[in-house]
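Residue-level listing of the chains:
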Amino acid sequence: MWLIRLAMGRPVTIIVAVAATVLFAVLAITRMKVDIFPTIDLPRVTVIQPYGGMDPSQMEGYLVTFYEQHFFYISGVDHVSSRSIQSAAVMDVTFSPAQTWLMRWRK
């Protein structure tokens, strides 16, 4: 109740406080960085595929070979390396340096 009495008793103060809040909010939104992630110059992407219930040899035969074959359809892939551990497959896709330069240039 005291807040309503304060607003009714000092309307100019409340209008100035609301205008200042809106102004600071607009300034904060316009100056905020769009991308919070740093620029990374490593031309490598790591794909981790968890899958429980299979041993590493089954993961290699069923999942990893399927992924590796399809990674080579991506333009600019230099090589793909993979590791199969218990209930997970870890695949590293490395891009050629010329392709990463082109990707940065297009941004």
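Up top is the structure.
Please read these numbers as outputs of a predicted model, since none were measured by experiment. (Residues numbered from 1 in each chain as written. Predicted model: local features only at pLDDT ≥ 70, side-chain atom pairs only at ≥ 80, totals over all residues. Heavy atoms only, no water.)

**Some words on the overall build of the chain**
Scanning the chain for helices and strands turns up four helices and three strands. Tracing the chain from N to C terminus, the helices and strands come up as α-α-β-α-β-β-α. Counting only residues that meet the buried cut, the chain has 18% of its 107 residues in that class. For the chain, long-range pairs separated by at least 24 residues make up 50% of all intrachain contacts whose partners lie at least 6 apart in sequence. Working note: accessible area of the chain is about 8,900 Å², and carbon and sulfur atoms make up 67% of it. (Helix = DSSP H or I, 4+ residues; strand = E, 2+ residues; numbered from the N terminus. Buried < 20%, exposed > 50% of the residue type's maximum accessible area, 1.4 Å probe, protein only. Contact = heavy atoms within 4.5 Å. Areas by Shrake-Rupley, 256 points an atom, 1.4 Å probe, with all protein chains shown as cover.)

**Structural notes on the nonpolar core**
In this structure, Met54, Met59, Leu63, Val64, Phe71, Val77, Val80, Ala89, Met91, Val93 and Phe95 together form the largest nonpolar core, which totals eleven residues. Secondary-structure elements contributing two or more residues to this core are helix 3 (56–71), strand 2 (77–85) and strand 3 (88–95). If we ignore the near neighbours within four places in the chain, the residues touching Val93 are Pro43, Arg44, Val45, Phe71, Val77, His79 and Val80. (Core = buried A, V, L, I, M, F, W, Y, C linked by side-chain atoms within 4.5 Å.)

**Examining the sheet that holds strand 3**
Strand order in this open sheet of three strands is 1-3-2, and the pairing throughout is antiparallel. The open sheet is flanked by strand 1 (44–50) and strand 2, the only strands paired with a single partner. Averaged over all adjacent pairs, the angle separating strand axes in this sheet is 15°, with direction ignored. Across seven bridges, the pairing between strand 1 and strand 3 is antiparallel. Opposite Gln49, over in strand 3, you have Ala89 as the bridge partner. Helix 3 contacts strand 1, strand 2 and strand 3 of the sheet and is inclined by roughly 165° relative to strand 2. (Pairing = 2+ DSSP bridges. Axes fitted to C-alpha atoms, helices over the stretch in contact; angles between N-to-C directions.)

Keep in mind that these numbers describe shape and distance, not what the molecule does.
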